[in-house]
Amino acid sequence: MDFEESKRKRNSDRRKSTECSRIIATITVGILFGFCIGASFPAFSPSKIKLISPIDAYLWDKNSGHLNVISDSRDNISKEVQNHDDPSKIWVSSNPRGAERLPPAILAAESDLFPRRLFGKPSEDLTTEPKYLVTFTVGQNQKPNIDKAVKSFSENFTILLFHYDGKTTEWDEFEWSKRAIHISVEKQTKWWYAKRFLHPDIVAPYDYIFIWDEDLGVDHFNAEEYIKLVKKHGLEISQPGLDPSSRGLTWQMTRRRGDREVHKETEEKPGWCSDPHLPPCAAFVEIMAPVFSREAWRCVWHLIQNDLVHGWGLDFALQKCVEPAHEKIGVVDAQWIVHQGLPSLGNQGKGENGKQPWQGVRERCQSEWKMFRDRVSDADKDYYKSIGIDPLNITAH
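The rules we used
Residues numbered from 1 in each chain as written. Predicted model: local features only at pLDDT ≥ 70, side-chain atom pairs only at ≥ 80, totals over all residues. Heavy atoms only, no water. Helix = DSSP H or I, 4+ residues; strand = E, 2+ residues; numbered from the N terminus. Contact = heavy atoms within 4.5 Å. Disulfide = S-S within 2.5 Å. Buried < 20%, exposed > 50% of the residue type's maximum accessible area, 1.4 Å probe, protein only. Salt bridge = Lys/Arg side-chain N within 4 Å of Asp/Glu carboxyl O. Pairing = 2+ DSSP bridges.

Draft legend 1. Structural detail: the side chain of Gln142. Along the polypeptide, Gln142 turns up in the loop between strand S3 (132–138) and helix H3 (143–150). When near neighbours in sequence (up to four residues on either side) are disregarded, Gln142 contacts Trp171, Glu214, Leu342 and Pro343.

Draft legend 2. Broad picture of the state of the cysteines. For the structure shown, the criterion picks out 2 disulfides. Covalently, Cys273 is tied to Cys281 through a disulfide, its sulfur atoms 1.9 Å apart. Judged by the torsion about the S-S bond (95 degrees), the Cys273/Cys281 disulfide is right-handed. For Cys273, a relative accessible area of 22% gives the class partly exposed. The side chain of Cys299 participates in a disulfide bridge whose partner is Cys321; the two sulfur atoms lie 2.1 Å from each other. Judged by the sign of its S-S torsion, about -70 degrees, the bond between Cys299 and Cys321 is left-handed. You can see Cys299 sitting in helix H6 (residues 294–303) and its partner Cys321 sitting in the loop between helix H7 (314–317) and helix H8 (325–328), a full 22 residues away along the chain. Overall, Cys299 belongs to the partly exposed group, its relative accessible area being 30%.

Draft legend 3. Seen up close, the pattern of salt bridges. By the definition in use, this model includes 17 salt bridges. Of the charged contacts in the structure, one is a salt bridge between Lys190 and Asp213, with a shortest N-O distance of 2.9 Å. Linking Lys190 in helix H4 (residues 190–197) with Asp213 in the loop between strand S6 (208–212) and strand S7 (216–217), this pair joins segments that are 23 residues apart in sequence. In this structure Lys190 comes out as buried when scored by relative accessible area, which is 5%. Residue classification places Asp213 among the partly exposed positions, given a relative accessible area of 24%. Arg364 is the partner of Glu368 in a salt bridge, and the nearest nitrogen-oxygen pair spans 2.6 Å. Of this pair, Glu368 and Arg364 are both found in helix H9 (residues 357–386), 4 residues apart, which corresponds to roughly one turn of the helix.

Draft legend 4. Spatial organisation of unusual backbone geometry. In this chain, Pro279 is followed by Pro280 through a cis amide linkage whose omega measures 0 degrees. Its location among the elements puts Pro280 in the loop between strand S9 (262–263) and strand S10 (291–293). The residue after Glu323, namely Pro324, is reached through a cis peptide bond having omega -5 degrees. You can see Pro324 is positioned in the loop between H7 and H8. A positive phi angle is found at Lys187, which is not glycine, with a value near 55 degrees. Relative to the elements of secondary structure, Lys187 occurs in the loop between strand S5 (181–184) and H4. A residue is classified by how much of its surface remains accessible, and Lys187, at 48% relative accessible area, is partly exposed.

Draft legend 5. Spatial organisation of the environment of Lys167. Tracing the backbone shows Lys167 in the loop between strand S4 (157–163) and S5. Put simply, Lys167 and Ile183 are 16 residues apart on the chain and 9.8 Å apart in space, counted from C-alpha to C-alpha. Apart from residues lying up to four places away in sequence, Lys167 is in contact with Gln140 and Ser184.

Draft legend 6. Layout of the pairing of strand S8 (residues 237–242). With respect to burial, S8 is a largely interior element, 6 of its 6 residues being buried. With 2 bridges joining them, S8 and S10 adopt antiparallel strand pairing. Bridging across to S10, Ile237 finds its partner in Phe292. Two strands pair when backbone bridges link them, and S8 and strand S11 (residues 329–339) are joined in this way by 6 bridges, in the parallel orientation. Bridging from a neighbouring strand, Pro240 pairs with Val332 of S11.

Structure below.
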């Protein structure tokens, strides 16, 4: 019995040894095969790898309630792949769209509104660089008012006039007008101008941007003192308080309070505010004299609709651009203005069907307000649907 058992044990050991030899041989052959295959390909460089986005993208269709397939350009993608196969071609995916073929060190993604000389060294062009921007949308009938308003802004401000009546040389009588920037397109509103000429990458050098109407009284306003208060109270979006004598004073939120520097909330008429932290009881300024920080304006510019030129309803949506809005949007009471309510751009409309020019403008304003409100609501719903959340639950929250 001992002999048979010893024999079986020796046979088992031989089988295990044979299996181990086979495994080692298989691994060795695999390594050699892999080396040969790898040697047949060009040198590998991780820096040349770029993930290509899928050919097909998806977009939520609010009308059908389905995800629609949108095919990207296969030609563009093939060109991109080709660029990466050729190490002599530059392609930097993190560059701004359209500039992927440029080396990052040459990019000039931002600009400014600083006038420059036609001669000399570029580095010596600017003796000063204003820190702030103020814009007024003006007609020549308001020259005395604008002259007074501009003088409440220091040399730290770039002055930009948008001329809705096409008249610019008529302003040459003012010394400050010679260093101001003038842009003229007839019968356009300040939000039309802002969307087209105040892109965030153009006004990036400015810490704060004032986008003001032309009919504002500034006897109690100093821009430098205003900015000190804005910084002190952490306001990203603001406006000066409106004197109670202002014409068309609608909202309690923008009415000046005489017992404080700044206020960020108010009480309104019953039923006007669904939440004390939402407009018009908080997180709210009007569109006649808003002031934006650089960061807030980058968001607000994208919120402005290209075809809705009057900006009505924008004041209720500004709170989307800062967080928490009820703390970063407010009214500066210690520096206040008077809304004079002078007839100006409203008279640039066209009288039709027996209506006065201003009536057509007012009707357009009101219709734009509804259109903007509907767009914001639809955009919110579409977003939440796209991430699988019932918009009704968000509304209820």
